[in-house]
Structures are given as C-alpha cells and as structure tokens.
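Summary of structural features
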Amino acid sequence: MVFKLNSQLLSRIASGNGHGEDSPYFDGWKAYETDPHHPTENPNGVIQMGLAENQLCFDLIQDWLKKNPKASICTPEGLNEFREIAIFQDYHGLPEFRNAVANFMGKVRGNRVTYDPDRIVMSGGATGAHETIAFCLADPGEAFLVPTPYYPGFDRDLRWRTGVKLIPVDSDSSNNFKVTIEALENAYEMAQLDNIKVKGLLITNPSNPLGTILDRETLRSIVRFINEKNIHLVCDEIYAATVFSQPDFISVAEILQEDIECNLDLVHVVYSLSKDMGFPGLRVGIIYSYNDAVVSCARKMSSFGLVSTQTQYLVASMLSDNEFVEKFIRESKRRLAARYRVFTHGLDQAGIKCLKTSNAGLFLWMDLSGLLKEQTVEAEMELWRVIIHDVKLNVSPGCSFHCLKPGWFRVCFANMDDQTMHVALSRIKTFVNKEADTKKKPKKSLRWQGSLKLLNPPRIYDDFINSPHSPIPHSPLVRARN
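This write-up is about the structure you can find in this document. For clarity, every value in this text was computed on a predicted model and none was experimentally measured.

**Notes on the overall build of the protein**
Secondary structure assignment for the protein yields 16 helices and 13 strands. When the 482 residues of the protein are sorted by exposure, 56% land in the buried category. Considering only intrachain contacts with a sequence separation of at least 6, the fraction spanning at least 24 residues in the protein is 75%.

Written out as structure tokens, the structure is:
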C-alpha cells in the first residue's frame, strides 16, 4: 500500500519553503552537480564558480599534517589520546581549542587586538553561529538591518527557524555599494513606520559578495549608529584573512579599543575557519560576544551544533603552531593576490569590468550589465540562464544577493586549479566575443529560454519564497522538477 504524504502532518517549517534554497544562487549549484566539469571525464561540463572556497593552500596544510601526525587521534602517533578525546566533552569546548582560536583571530587581525578565550563559543560553522546569534538577540517577527548586496544564505541562516525578519539596506553602485548612515537611518525609520522592531544590524566585513572592506570611519559611524539606536551589531568577519592587498582589514574589535562611546553588550562577532583556512568541511564556527548573557546562552545552545572534539584537537594543535600560522596567512594572501591579478586580467581582455575597490574575499563582483538586453532583473535572469546552460559556468546573479542594479554577478576564483581557471576564462571570452558579433547583426533572442515570472522586490523579505512579492525568482530548474 502506498501512502501519500499529507503536508498537514508536518510542521510549517518542514512543509514550507522558508529554507530559501529555491533561488538562482542555489540552483546554480544544482546545475553544476548534475553536470560537473572534469578536465578529462567531462571537459564540457559546468565549472563551479558559485562556491566561495579557498583551495589555493591545501599543500601547506597537507605538509603540516605529514610533519605533525600526533595532531590526529586517528594515526598511530596520536592513538594514545584517542580515549580522552572520544569520551564526553561539554559544550565549553577544549581549553586548548579556545585558546588557539583566540590567538589565531588576533594574528589574522595583525595582533592589533586580543581576544578572550572565555568568550569563544563554538558552533557548527558560521551558519550555526548566525542562527544562534539570531535566537539570542531577537524574537520571531523582530528584525535585523542588512546592507545589500548580501550573502543569499542569510535568508536561510537567520530567518528560517528563528522567525526573524531581514530588512535590506539599499546601497548604490554609483558609490561602489558603500554602506551609508543615510541608508541605515532610512531603513530603520521605514521599519518603525511598519511597526517592525529592529533588534540589530548585520554587517559582513570583508563583504560577500563585493570583496570590499569597511574603512575606519564607516565602522566608527556604524558603531555610533547602533549605540544611538540601542540595537545590536553583528559583525560577520569570516573573510578577515583573505584581504590580499591594501588597505588592511579593520575589525570592529579595533574600533571598540578607540575613544568611542559604545555599549559593549551590543557587539558580537561571527567567525569561522571555512574561508580563511579553507576548512568548510570541518564546520568550525565561532561566536565572540562582548555580552556575558549572550555568551552564556549561546554556549548552552551550541549543544545543538558542536564542533567534534576530534576536530577541536586537530585545529588546536595546528593553530598553536605560530610559525606555521604566520607562514600560512602570508602565503594565502600572496596566492589570492596572484589569482586575482590573473583572473581580472583575463576578464579585462574580454572587456569585462569588476568592482575596482575589491581587495578581499574569494570572488569578484563582475559587471555584465553591458550584455543585458535591457536593464531589468528579467534580462539579468535571462543572461544567467545562458551562462549556466550554454557557457557552462555557475556564476551567481546579483538579484540573488538582493542587488538593486541589474547586471552584477559574483564569480568565485579560488576554488579551482589553474587549468580550470583558464578554461573558464576561455569560455567567458568566447561568449563575450559571440555576443559582440551578434549585436552587429539583426537582433536575436539569447539561445536558452525558460518560463520565469519576476515581480518587484519589497523592502522586507519576511516571506522569502512563498510571498507573491519575493525578490528572488523561483528557478526554472526547480519548477521543472515540481
């Protein structure tokens, strides 16, 4: 007998689409997974350029592991520690792990600030850290301001299970998408008019997807803003060690050391080793809060997403090796800078420009507005489909990052080897040249066509997928399966 699943038997979370993964950002991944590029087995497959992953320094990690076999309890050299690590550990985490992470966070920030290991709270990656912070700071229906463009996963990480709202703070390409106090004030006032209680401001520094950093005066103005409004400031600094050229990264922790009035209980930092070390699979997320109550609550909540003690043990050993850490940070910056130069040069040869103020991250903010048939989100989506299905590159459209200006795309450059990068650049150049030739001829529609309905985005993305006003279109790839 076959039973039909009744959605009424499930919770609203289980039966709904609040996860936010029915969007072009995640559908690009699905297109890659169904047809992944391989240099010999599938050379015409989709190249993954939608995953912000740092794969440029794995040789350094592997060399260290070979020289330090005791760091793993799964080697003959480390087997003596197996029992102590395998038995129950509470949610505080291993002391050596918290000490090593605090030390590493300081080194990444040029030793200009120090971090208290007792304020380190571990979580299952930055995803878990963000959700835990949202649970600690806001009740369902309350909101965080988030400057755009912002990482699409925030709509899932902060909203799905918490019931918290995100209020986009508009930025403009005319000033390189800088965060302004005027935009923050406007978003805050509009939320009040809508009777929505704003509990905090979430900033990403360095920015995903822009690859830019916040300057000192902007950070100071943000701290003054949240202090004046008496709302929380959550600083996502997971790309801190990816700043590969001047100016240097400035952490909010540095600002708090300066002569500035701020209630420290309002400030919280989210960090992880996924981007700076290239360890997304190890799921090492960190909450660093200046608020004692938040530290206490987040630590208890971390029971739902702890970092395994085996991972803590390995990471503690690696990050306690100061000589290795300094070499890794230095070499990672050098390799990221070199990859950035090669990639931007290749794009420039194809006549494609990127945001010039970028000096961090594992990606570029690429301007393809000149290839749009018209300056609309619909045209951006049509171009995205062609890039995915014809050019076979998974890049992420700006609308999935809530970018108001059509034509911007995020393209990741650090998650592939040199050969794959050159194949990707070759495909881009070929496509752009073909489009240029097409414009000289009578106008034709782009090849790949699909059914897609787009509607105007509202200010507040509270019903992310189910709302008839959703700013992120339901992907035709998903519709084809439904």
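From this point, things continue past the structure.
**Observations regarding empty space enclosed by the protein**
Applying the stated rule across the entire model yields one cavity of 30 Å³ or more. What the largest cavity holds in volume is close to 80 Å³. Elements represented by at least two residues in the lining of the largest cavity include exactly helix 14 (377-391) and helix 15 (418-440). Here the element with the most residues in the lining of the largest cavity is helix 15; it accounts for three residues.

**Observations regarding the nonpolar core**
The nonpolar side chains of a soluble globular protein tend to be buried, and buried together. Counting 77 residues, the largest nonpolar core has Met49, Phe144, Phe343, Leu347, Ile387 and Leu393 as the members making the most contacts within it. Element by element, the count of residues in this core is highest for helix 14, at eight residues. Setting aside residues up to four positions removed in sequence, Phe144 forms contacts with Ala134, Leu137, Ala138, Leu158, Val164, Lys165, Leu166, Ile167, Gly200, Leu201 and Val234. In this structure, Ile196, Ala253, Ile286 and Tyr313 belong to the second largest nonpolar core, which totals 76 residues.

**Observations concerning the side chain of Asn415**
Checked against the element boundaries, Asn415 lands in the loop between strand 13 (408-412) and helix 15. We classify Asn415 as buried; its relative accessible area is 8%. Only 2.9 Å separates the side chain of Asn415 from the backbone oxygen of Gln48, close enough to count as a polar contact. Apart from residues no more than four positions distant in its own chain, Asn415 is found in contact with Gln48, Leu51, Glu53 and Gln55.

**Topic: the sheet that holds strand 10 (residues 363-367)**
Taken together, four strands build an open sheet; the order of strands is 9-10-13-12 and the sheet is antiparallel. Each edge of the open sheet carries a strand with a single partner, namely strand 9 (353-354) and strand 12 (396-397). Of the pairings in the sheet, the one linking strand 9 to strand 10 comprises two bridges and is antiparallel in character. From the neighbouring strand, Cys354 faces strand 10, where its bridge partner is Met366.

**Let's talk about the pairing of strand 13**
The buried fraction of strand 13 amounts to five of the five residues, a majority that puts the element mostly inside the structure. Direction of pairing for strand 10 relative to strand 13: antiparallel, over a ladder of five bridges. Within strand 13, the position partnered with Met366 by the bridge is Phe409. For strand 12 and strand 13, the ladder comprises two bridges, and the chain directions are antiparallel.

**Considering the packing of aromatic side chains**
For the structure shown, the criterion picks out 20 aromatic pairs. Both rings, one in Tyr25 and one in Phe401, keep their centres 5.8 Å apart while their planes meet at 80°; by these two values the pair is edge-to-face. Residue Tyr25 is located in helix 2 (residues 24-34), and its partner Phe401 is located in the loop between strand 12 and strand 13; the two are separated by 376 residues in the primary sequence. Phe401 shares its class with Tyr25; the two are buried. An angle of 80° between the planes, with centres 5.7 Å apart, marks the rings of Trp365 and Phe401 as edge-to-face. Placement of the pair is Trp365 in strand 10 and Phe401 in the loop between strand 12 and strand 13, with a sequence separation of 36 residues.

**Things to note about the state of the cysteines**
A complete count under the given rule lists zero disulfides for this structure. Its sulfur unpaired, Cys403 is 9.1 Å from the next cysteine sulfur, which belongs to Cys399.

**Observations regarding the pattern of salt bridges**
Tallied over the entire structure, the rule returns 23 salt bridges. The salt bridge partner of Glu254 is Arg112, with a shortest N-O separation of 3.1 Å. In this pair, Glu254 sits in helix 10 (residues 252-257) while Arg112 sits in the loop between helix 5 (95-108) and strand 2 (120-124), placing the two residues 142 residues apart along the sequence. Residue classification places Glu254 among the buried positions, given a relative accessible area of 6%.

**Here we look at the packing of helix 2 against helix 14**
As a packed pair, helix 2 and helix 14 sit with axes 11 Å apart at the nearest point and diverge in direction by 15°. One finds that helix 2 runs roughly parallel with respect to helix 14. Helix 14 is crossed by helix 2, and the crossing has right-handed handedness. Residue-level contacts link Pro24, Asp27, Gly28 and Ala31 of helix 2 to Met381, Trp384 and Ile388 of helix 14. For the contact of helix 2 with helix 14, the class distribution of residues is five nonpolar, one polar and one charged.

**Concerning unusual backbone geometry**
Note that the residue after Thr148, namely Pro149, is joined by a cis bond; omega there is -5°. Structurally, the position occupied by Pro149 is in the loop between strand 3 (143-147) and helix 7 (154-157). Its identity is not glycine, yet Asn195 carries a phi of approximately 60°, on the positive side. Here Asn195 shows up in the loop between helix 8 (181-193) and strand 5 (198-204). In this model, Asn230 sits at a positive phi of 60°, which is unusual for a non-glycine residue. Among the secondary structure elements, Asn230 is positioned in the loop between helix 9 (216-229) and strand 6 (232-236).

**Here we look at the environment of Leu264**
With respect to the element layout, Leu264 can be found in the loop between helix 10 and strand 7 (267-272). Given the relative accessible area of 38%, Leu264 is considered partly exposed. Along the primary structure Leu264 and Leu233 are separated by 31 residues, whereas in three dimensions their C-alpha atoms are 9.7 Å apart. Contact partners of Leu264, with chain neighbours within four places excluded, come to Leu256, Tyr290 and Asn291.

Rules used in this analysis
Residues numbered from 1 in each chain as written. Predicted model: local features only at pLDDT ≥ 70, side-chain atom pairs only at ≥ 80, totals over all residues. Heavy atoms only, no water. Helix = DSSP H or I, 4+ residues; strand = E, 2+ residues; numbered from the N terminus. Buried < 20%, exposed > 50% of the residue type's maximum accessible area, 1.4 Å probe, protein only. Contact = heavy atoms within 4.5 Å. 1 Å grid on protein atoms, 1.4 Å probe; cavity = no way out; pocket = protein on both sides within 12 Å on 5 of 7 lines; lining within 4 Å. Points joined across faces, edges and corners; volume = space filled by probe spheres on them. Core = buried A, V, L, I, M, F, W, Y, C linked by side-chain atoms within 4.5 Å. Polar contact = N/O pair within 3.5 Å; in protein donor to acceptor, adjacent residues only side chain to side chain. Pairing = 2+ DSSP bridges. Phe/Tyr/Trp six-rings, centres within 6.5 Å; stacked < 30°, edge-to-face > 60°. Disulfide = S-S within 2.5 Å. Salt bridge = Lys/Arg side-chain N within 4 Å of Asp/Glu carboxyl O. Axes fitted to C-alpha atoms, helices over the stretch in contact; angles between N-to-C directions. Parallel < 35°, antiparallel > 145°, perpendicular 65-115°, else oblique. Left-handed = near helix turned anticlockwise from the far one by under 90°. Nonpolar A, V, L, I, M, F, W, Y, C, P; charged D, E, K, R; others polar.

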